[in-house]
Amino acid sequence: MLLHQCTHHKQYFCHVNYLDLSSNRIKSIDGLLPYLIECHTLLLDDNIIEHLRCIESELPNNDANTVVGGKLKVLSLKRNPIEKNQNSVSKIRNGILKDIVVFTS
């Protein structure tokens with residue numbers, strides 16, 4: 001319930017620098033990412049995330065970096081369905097987020 005309430009007031013996430021949202025059955029965080037401007041570590045392990053719009057869209061590298069926050073150093077997506085989407089994994093591993101996104105293997 002707390003997470004649900006917080007996502008309605010996303011502006012409160014602007015000062016968060018470490019956020020662990022693991023094991024919450026989260027489907028998408030695309031709407032939250034732009035608010036995580038100070039976040040350096042975002043853990044989303046064990047959720048049900050199938051895709052990230054900022055990764056799958058054809059944004060230029062500098063725009064994609066803005067969408068996920070310029071300070072983000074770790075975005076953990078371990079044990080999410082997105083790991084099985086080879087197209088998304090390939091885009092991540094060949095794009096601006098290659099040193100940021102962490103998968104199970």
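Residues numbered from 1 in each chain as written. Predicted model: local features only at pLDDT ≥ 70, side-chain atom pairs only at ≥ 80, totals over all residues. Heavy atoms only, no water.

## Some remarks on the overall build of the protein
Within the protein, the regular secondary structure consists of 4 helices and 4 strands. In the protein, the order of α-helices and β-strands from amino to carboxyl end is α-β-β-α-α-β-α-β. Buried residues in the protein amount to 35% of all 105 residues. Considering only residue pairs separated by 6 or more positions, the protein has 52% of its internal contacts joining residues 24 or more positions apart. Per element, the accessible surface of the protein, about 6,400 Å² overall, is 52% carbon and sulfur. (Helix = DSSP H or I, 4+ residues; strand = E, 2+ residues; numbered from the N terminus. Buried < 20%, exposed > 50% of the residue type's maximum accessible area, 1.4 Å probe, protein only. Contact = heavy atoms within 4.5 Å. Areas by Shrake-Rupley, 256 points an atom, 1.4 Å probe, with all protein chains shown as cover.)

## Let's talk about unusual backbone geometry
One non-glycine residue, arginine 25, lies in positive phi territory at about 60°. For arginine 25, the position within the fold is in the loop between strand 1 (18–20) and strand 2 (41–43). Residue arginine 25 is classed as exposed on the basis of its relative accessible area, which comes to 64%.

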